[in-house]
Amino acid sequence: MKKHNVIFIILCVVAVLVAVLVKRCPRTVPYEQCSEVYKRYSRVEGVRATYVKDYRINDTLTIGVTLLEATDSAGWKYLLQKFNISQEMQTVFEQVDFGVMSWNSHKDNPEVRATTVGECRDVSLTDKDIEICACSFRERKICVFHTQSEEEILAIDNYNYDNMINQTNLLNHEKDKN
Amino acid sequence: MAVLVLLGLAAAGCTKENVAEDNVVVAVTQSASYTVDGIQYYANPQNDDEWSDFLDRMIALAEEGRSIQFWRNDIRRGDATKEVVTYTTTNVDLAKKWAKQKQDEGYAVSISYNQQTGVYTCIAVR
């Protein structure tokens with residue numbers, strides 16, 4: 001009986017350890033399930049690409065996000081060129097304290113701006129053809145939110161605008177402290 | 001004769017200053033706006049064939065008895081790489097609404113907030 005008890009206890013401990021390990025270890029998304037944007041930039045020197053499958057936006061919404069971070073000046077220059085971020089645009093947005101901007105882009109082609117209203121709108125675009133991009137000049141990052149519906153587009157826009165405003169508040173607090 | 005020679009020498013000595021014209025890149029985009037029974041739509045024909053198709057569609061709609069108006073928009077921008085629009089407000093909802101509108105029009109947008117003045121400043125660039 002004693003031997004059985006020992007084996008039982010060891011098995012329980014192992015089960016608990018495995019459960020803890022599974023919970024703590026980050027889930028890795030298989031390459032095939034990553035976004036097209038991630039696949040395009042994952043092997044570019046000077047750029048670190050990360051794909052998060054279920055990034056939580058709010059209590060009810062999670063969304064796929066690709067994050068592109070420049071690890072050096074050459075990588076940042078490359079990203080700015082690929083995403084058609086002109087020097088004039090940089091100059092304007094770097095004057096804003098935290099230098100973050102967002103725009104609509106074509107699905108799987110965040111380098112191409114999308115226009116959905118106004119005189120020059122592309123009438124062939126639907127909400128499923130649009131993704132939202134955000135760029136932080138200060139942190140040298142570009143984020144692509146892989147939206148799939150009007151509801152997700154509105155949620156991400158709100159999320160980005162709130163972040164921009166909150167960042168300003170944080171910076172104002174820092175300035176007041178100093 | 002001497003005067004002519006002198007004039008000739010003077011002409012040879014003068015240099016005509018060629019002032020190179022500034023190369024101003026003017027981007028021209030054309031699009032069409034039209035109404036069908038009072039409801040407004042937009043179209044973006046890219047070439048002569050598409051414009052021809054567009055006109056054919058307008059004629060077909062008119063022949064069906066629909067009320068049609070259409071016009072071509074020429075949008076000229078002196079500097080094709082830069083249009084900067086700003087908007088300020090003390091209302092956060094209006095700021096977000098404006099930013100969203102501009103973003104949908106193809107601009108890159110940003111919102112900042114000045115705590116001291118309570119003013120939201122929105123910038124849109126394309």
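These figures come from a predicted structure and were not determined experimentally.

1. Some words on the overall build of chain A
Step number 1: If you tally the helices and strands in chain A, you get five helices and six strands.
Step number 2: When the helices and strands of chain A are listed from N to C terminus, the series reads α-α-β-β-α-α-β-β-β-β-α.
Step number 3: Looking at chain A residue by residue over its 178 residues, the buried ones come to 40%.
Step number 4: Accessible surface, chain A as shown: approximately 10,900 Å² in total, 53% of it carbon and sulfur.

2. With respect to the nonpolar core
Step number 1: Counting 28 residues, the largest nonpolar core has Leu-79, Ile-85, Met-101 and Trp-103 of chain A as the members making the most contacts within it.
Step number 2: The contact partners of Leu-79 of chain A, leaving out residues within four places of it in the chain, are Tyr-41, Val-47, Leu-68, Glu-69, Ala-70 and Ile-142 of chain A.

3. As for the packing of aromatic side chains
Residue and element names in this part refer to chain A.
Step number 1: Going through the model one piece at a time under the given rule, you end up with ten aromatic pairs over all chains.
Step number 2: Ring centres of Tyr-31 and Tyr-38 lie 6.2 Å apart, and the angle between their planes is 65 degrees; this geometry places the pair in the edge-to-face category.
Step number 3: Judged by its relative accessible area of 18%, Tyr-38 is buried.
Step number 4: An aromatic cluster of at least three residues, connected via ring pairs, comprises Tyr-41, Tyr-78, Phe-83 and Trp-103.

4. What to know about a nonpolar patch on the surface
Step number 1: On the surface, Val-6, Ile-10, Val-14 and Val-18 of chain A cluster together to form a nonpolar patch covering roughly 330 Å² of accessible area.
Step number 2: Note on placement: Val-14 of chain A falls in helix H1 (residues 2-24).

5. So, unusual backbone geometry
Residues and elements named next belong to chain A.
Step number 1: With a phi close to 65 degrees, Asp-108 is a non-glycine residue in the positive phi region.
Step number 2: Along the chain, Asp-108 turns up in the loop between strand E3 (100-106) and strand E4 (109-113).
Step number 3: Phi at Arg-140 takes a positive value of approximately 55 degrees, unusual for a residue other than glycine.
Step number 4: Checked against the element boundaries, Arg-140 lands in the loop between strand E5 (130-136) and strand E6 (141-146).
Step number 5: According to the relative accessible area criterion, Arg-140 is partly exposed, its value standing at 31%.

6. Side note on the layout of surface pockets
All names here are of chain A.
Step number 1: In this model, the second largest pocket occupies a volume close to 560 Å³.
Step number 2: Lining the second largest pocket are 22 residues, and of these Ser-136, Glu-139, Lys-141, Cys-143 and Asn-163 lie nearest its centre.
Step number 3: Listing elements by their share of the lining of the second largest pocket, those giving two or more residues are strand E1 (47-56), strand E2 (62-70), E5, E6 and helix H5 (150-177).
Step number 4: A total of six residues in the lining of the second largest pocket trace back to one element, the largest contributor, which is H5.

7. Looking at the pairing of E5 of chain A
Residue and element names in this part refer to chain A.
Step number 1: In terms of residue burial, E5 counts as a mostly covered element, since seven of its seven residues are buried.
Step number 2: Here E5 shows no split at all, with Ile-130, Ile-132, Ala-134 and Ser-136 on one side and Glu-131, Cys-133 and Cys-135 on the other all buried.
Step number 3: Sheet topology note: the E3/E5 ladder contains seven bridges and is antiparallel. Across the sheet, residue Trp-103 finds its bridge partner in E5, namely Cys-133.
Step number 4: The antiparallel pairing of E5 with E6 creates a hairpin that spans four residues between the two strands, and Arg-140 there sits at a positive phi of about 55 degrees.

8. So, the pairing of E1 of chain A
Residues and elements named next belong to chain A.
Step number 1: Alignment of E1 against E2, held across eight bridges, turns out to be antiparallel. Bridge pairing in E2 places Arg-56 opposite Thr-62.
Step number 2: Between the end of E1 and the start of E2, which pair antiparallel, lie five residues.

9. Observations regarding the side chain of Asp-104 of chain B
Step number 1: Here Asp-104 of chain B lies in helix H3 (residues 92-104).
Step number 2: Judged by relative accessible area, Asp-104 of chain B falls into the buried class, the value being 13%.
Step number 3: In this structure, Asp-104 of chain B is in contact with Asn-104, Ala-114, Thr-115, Thr-116 and Val-117 of chain A, ignoring residues within four places of it in sequence.

10. Brief notes about the environment of Glu-45 of chain A
All names here are of chain A.
Step number 1: With respect to the helices and strands, Glu-45 occurs in the loop between helix H2 (36-41) and E1.
Step number 2: In this structure Glu-45 comes out as exposed when scored by relative accessible area, which is 79%.
Step number 3: For the pair Glu-45 and Ala-74, spaced 29 residues apart in the sequence, the C-alpha separation amounts to 8.7 Å.

What counts as what
- For every chain, the first residue of the written sequence is number 1, and numbering continues from 1 onward in sequence order.
- Lettering of chains starts at A and numbering of ligands starts at 1, both following the order in which they are written.
- Local features are withheld for residues below a pLDDT of 70 in this predicted model, meaning they are given only at 70 or higher, and side-chain atom pairs are given and counted only at 80 or more; totals for whole chains, interfaces and linings count all residues.
- Note: side-chain values were computed over all heavy atoms of the structure, leaving out hydrogens and water.
- Each helix is a run of H or I in the DSSP string that is no shorter than four residues. Each strand is a run of E no shorter than two, and both are numbered from the N terminus.
- Only protein chains enter the area calculation, which uses a 1.4 Å probe; residues under 20% of their type maximum are buried, those over 50% are exposed, and those in between are partly exposed.
- All accessible areas in this document rest on Shrake-Rupley with a 1.4 Å probe, and a residue is counted as covered only by the protein chains that are shown.
- Residue types Ala, Val, Leu, Ile, Met, Phe, Trp, Tyr and Cys, when buried and joined through side-chain atoms within 4.5 Å, form a set referred to as a nonpolar core.
- In what follows, a contact means two residues having at least one pair of non-hydrogen atoms within 4.5 Å.
- We call Phe, Tyr and Trp rings a pair once their centres come within 6.5 Å, taking the six-membered ring for Trp, and we label the pair stacked below 30 degrees between planes, edge-to-face above 60, and tilted otherwise.
- What makes a patch is a set of residues exposed beyond 30% relative accessible area and free of salt bridges, joined within 9 Å when like-charged and within 5 Å when nonpolar (Val, Leu, Ile, Met, Phe, Trp, Tyr).
- Whenever Lys or Arg places a side-chain nitrogen within 4 Å of a carboxyl oxygen from Asp or Glu, that contact is recorded as a salt bridge.
- Each cavity reported here is a set of points on a 1 Å grid over the protein atoms alone in which a 1.4 Å probe fits but cannot get out, each pocket an open set with protein on both sides within 12 Å along at least five of seven lines, and each lining residue one with an atom within 4 Å of a point.
- Grid points are joined across faces, edges and corners, and a volume is the space filled by probe spheres set on the points.
- For two strands to count as paired, DSSP must find a minimum of two bridges between them.

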